[in-house]
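The primary structure of each chain is shown beneath.
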Amino acid sequence: MPLNIYEENRVLTASPMELVRILYAAALQAVEDAREHLRAGDIASRSREIGKAHAILFELTVSVDRSHDEQ
């Protein structure tokens, strides 16, 4: 789904923390959509939404700056 102008500008001007919030909200929405598709019996759409949530969470995970982790 293409972004509308407002969403595109929001992403392009967001701080790093705001980007995390945007992505986290998108992951939660994808999971909610997957549940709705499951209830409706639309397995293909459910799988697509699960894949979307997984991709978002994977990107958030690999983008974490681990240089500040305690050892």
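Conventions used here
Residues numbered from 1 in each chain as written. Predicted model: local features only at pLDDT ≥ 70, side-chain atom pairs only at ≥ 80, totals over all residues. Heavy atoms only, no water. Helix = DSSP H or I, 4+ residues; strand = E, 2+ residues; numbered from the N terminus. Rg over C-alpha atoms; globule rule 2.2 N^0.38 Å. Areas by Shrake-Rupley, 256 points an atom, 1.4 Å probe, with all protein chains shown as cover. Buried < 20%, exposed > 50% of the residue type's maximum accessible area, 1.4 Å probe, protein only. Polar contact = N/O pair within 3.5 Å; in protein donor to acceptor, adjacent residues only side chain to side chain. Axes fitted to C-alpha atoms, helices over the stretch in contact; angles between N-to-C directions. Parallel < 35°, antiparallel > 145°, perpendicular 65-115°, else oblique. Left-handed = near helix turned anticlockwise from the far one by under 90°. Contact = heavy atoms within 4.5 Å. Salt bridge = Lys/Arg side-chain N within 4 Å of Asp/Glu carboxyl O.

Draft legend 1. Up close: the overall build of the chain. Tallying secondary structure elements over the chain gives 3 helices and 0 strands in all. Taken over C-alpha atoms, the radius of gyration comes to 15 Å for the chain, far larger than the 11 Å a tight globule of 71 residues would show. Across its three principal directions, the C-alpha atoms of the chain cover 45 × 35 × 15 Å. When the accessible surface of the chain is split by element, carbon and sulfur atoms take 59% of a total near 6000 Å².

Draft legend 2. Quick look at the side chain of Ser45. Position of Ser45 among the secondary structure elements: in helix H3 (residues 43–62). The class of Ser45 is buried, set by a relative accessible area of 8%. Looking at Ser45, its side chain comes within polar contact range of the side chain of Asp42, at 2.7 Å.

Draft legend 3. Region of interest: the packing of helix H2 (residues 16–40) against H3. Put simply, H2 and H3 touch, their axes get as near as 8 Å, and they point 160° apart. Looking at the two axes, H2 sits roughly antiparallel to H3. Handedness of the crossing formed by H2 with H3: left-handed. Along its contact with H2, which presents Val20, Leu23, Tyr24, Ala26, Ala27, Ala30, Val31, Asp33, Ala34, His37 and Leu38, the element H3 presents Ile43, Ser45, Arg46, Glu49, Ile50, Lys52, Ala53, Ile56, Leu57 and Leu60.

Draft legend 4. Quick peek at the pattern of salt bridges. Tallied over the entire structure, the rule returns 4 salt bridges. Salt-bridge contacts for Glu18 lead to Arg21; the nearest nitrogen and oxygen are separated by 3.3 Å. In this pair, Glu18 and Arg21 both sit in helix H2, 3 residues apart, roughly one turn of the helix. Its relative accessible area of 22% is what places Glu18 among the partly exposed residues. For Arg39, the salt bridge is made with Glu36, and the minimal N-O distance between the two is 2.6 Å. With Arg39 and Glu36 both in helix H2, this residue pair falls 3 residues apart, about one helical turn. Its relative accessible area of 62% is what places Arg39 among the exposed residues.

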